[in-house]
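Summary of structural features
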Amino acid sequence: KAGVTQTPRYLIKTRGQQVTLSCSPISGHRSVSWYQQTPGQGLQFLFEYFSETQRNKGNFPGRFSGRQFSNSRSEMNVSTLELGDSALYLCASSSGTSGHNEQFFGPGTRLTVL
Amino acid sequence: AQSVTQPDIHITVSEGASLELRCNYSYGATPYLFWYVQSPGQGLQLLLKYFSGDTLVQGIKGFEAEFKRSQSSFNLRKPSVHWSDAAEYFCAVGPGGYNKLIFGAGTRLAVHP
């Protein structure tokens, strides 16, 4: 079974631009969560989607948004990029939403904002 | 507020030595607790998890962890470390009912041959 895939793996943008990251969950998984990983703040939860609905959101500004499609693939968007948005963005998929189910992480998208 | 503390940023051990990585959590109810490992350039891989029941849980790659409610701790142990265990280890707590995880800052493990 293929794992979680994230595209692109690396991205370079300039301040003020916007970016869209994509995540394809493991087949059959309907829950997708996004995390931001930075050296200063560590791993922080961005949001979780299940059946195309956002179930939970972390403490991030409105510039960070996401969506999920009917095939469970998810995208996250960051508008008006700032230098501090440089990070590794990780996506995780799970078969359930109770917190009991293992979350499988993708390799991440490394975003650099210049 | 929920939080996770990993007091050790870096740990270096010799191959074959035992290992204990510390994790303390703050959470109002019985937490769901996890340990993940991240190798360079990789995503996170689940080592083990605790929800309830036996407080000593076994995971993959020979790791185990013990939940101690009185100390709010969930320390990760391995009796004999291999060079391939060098990686960053994250403890996490999750509220029941959601897939949201709150991570500690991580402990970077180096293994000397």
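You'll find the structure just up there.
Computed from a prediction, not measured in an experiment: that's the story for all the values here.

Turning to the overall build of chain B, a few remarks are in order. Of regular secondary structure, chain B possesses zero helices and 12 strands. Beginning at the N terminus, the succession of helices and strands in chain B can be written as β-β-β-β-β-β-β-β-β-β-β-β. Here chain B has a C-alpha radius of gyration of 13 Å; the compact-globule value for 113 residues is 13 Å, and the two agree. Structurally, chain B occupies a C-alpha span of about 40 × 30 × 20 Å along its principal axes. Within chain B, buried positions represent 47% of all 113 residues. Within chain B, contacts between residues separated by at least 24 positions form 53% of all contacts whose residues are at least 6 apart in sequence. Only carbon and sulfur atoms are counted for the fraction: they give 49% of the accessible area of chain B, which is about 5,300 Å². Averaged over its 9 positive side-chain charges, chain B has a centre that lies 7 Å from the centre of its 8 negative ones.

Moving on: unusual backbone geometry. Residue and element names in this part refer to chain A. The omega torsion of the bond from threonine 7 to proline 8 falls at -10°, within 30 degrees of zero and hence cis. For proline 8, the position within the fold is in the loop between β1 (5-7) and β2 (10-13). Positive phi is not limited to glycine here, since serine 72 has a value of about 80°. Topologically, serine 72 is positioned in the loop between β7 (64-68) and β8 (74-78). Classification of serine 72 as buried rests on a relative accessible area of 11%. The backbone of threonine 80 shows a phi angle near 45°, a positive value even though the residue is not glycine. Mapped onto the secondary structure, threonine 80 falls in the loop between β8 and β9 (87-94).

Listed as interface residues are 19 residues of chain B and, on the opposing side, 24 residues of chain A. Summing the contributions of chain B and of chain A, the shared interface buries around 1,800 Å²; its carbon and sulfur component is 50%. For the pair chain B and chain A, the interface holds zero salt bridges. On the surface where chain B and chain A come into contact, there are seven residue pairs in polar contact (both at pLDDT 80 or more).

With that out of the way, let us pick up the environment of arginine 63 of chain A. Residues and elements named next belong to chain A. Here arginine 63 shows up in the loop between β6 (53-57) and β7. Relative accessible area serves as the criterion here: at 16%, arginine 63 is assigned to the buried category. For the pair arginine 63 and asparagine 77, spaced 14 residues apart in the sequence, the C-alpha separation amounts to 7.7 Å. For arginine 63, the residues in contact, after removing those within four places along its chain, are Asn77, Val78, Ser79, Thr80, Leu81, Glu82 and Asp85. Within the structure, arginine 63 has its side chain in polar contact with the backbone oxygen of threonine 80 (distance 3.1 Å). Side chain to side chain, arginine 63 and aspartate 85 meet in a polar contact 2.8 Å long.

About the criteria used
- Residues numbered from 1 in each chain as written.
- Chains lettered and ligands numbered in written order.
- Predicted model: local features only at pLDDT ≥ 70, side-chain atom pairs only at ≥ 80, totals over all residues.
- Heavy atoms only, no water.
- Helix = DSSP H or I, 4+ residues; strand = E, 2+ residues; numbered from the N terminus.
- Rg over C-alpha atoms; globule rule 2.2 N^0.38 Å.
- Buried < 20%, exposed > 50% of the residue type's maximum accessible area, 1.4 Å probe, protein only.
- Contact = heavy atoms within 4.5 Å.
- Areas by Shrake-Rupley, 256 points an atom, 1.4 Å probe, with all protein chains shown as cover.
- Lys, Arg positive; Asp, Glu negative; His and termini not counted.
- Charge placed at Lys NZ, Arg CZ, Asp CG, Glu CD.
- Buried area = accessible area lost by both parts, 1.4 Å probe.
- Salt bridge = Lys/Arg side-chain N within 4 Å of Asp/Glu carboxyl O.
- Polar contact = N/O pair within 3.5 Å; in protein donor to acceptor, adjacent residues only side chain to side chain.

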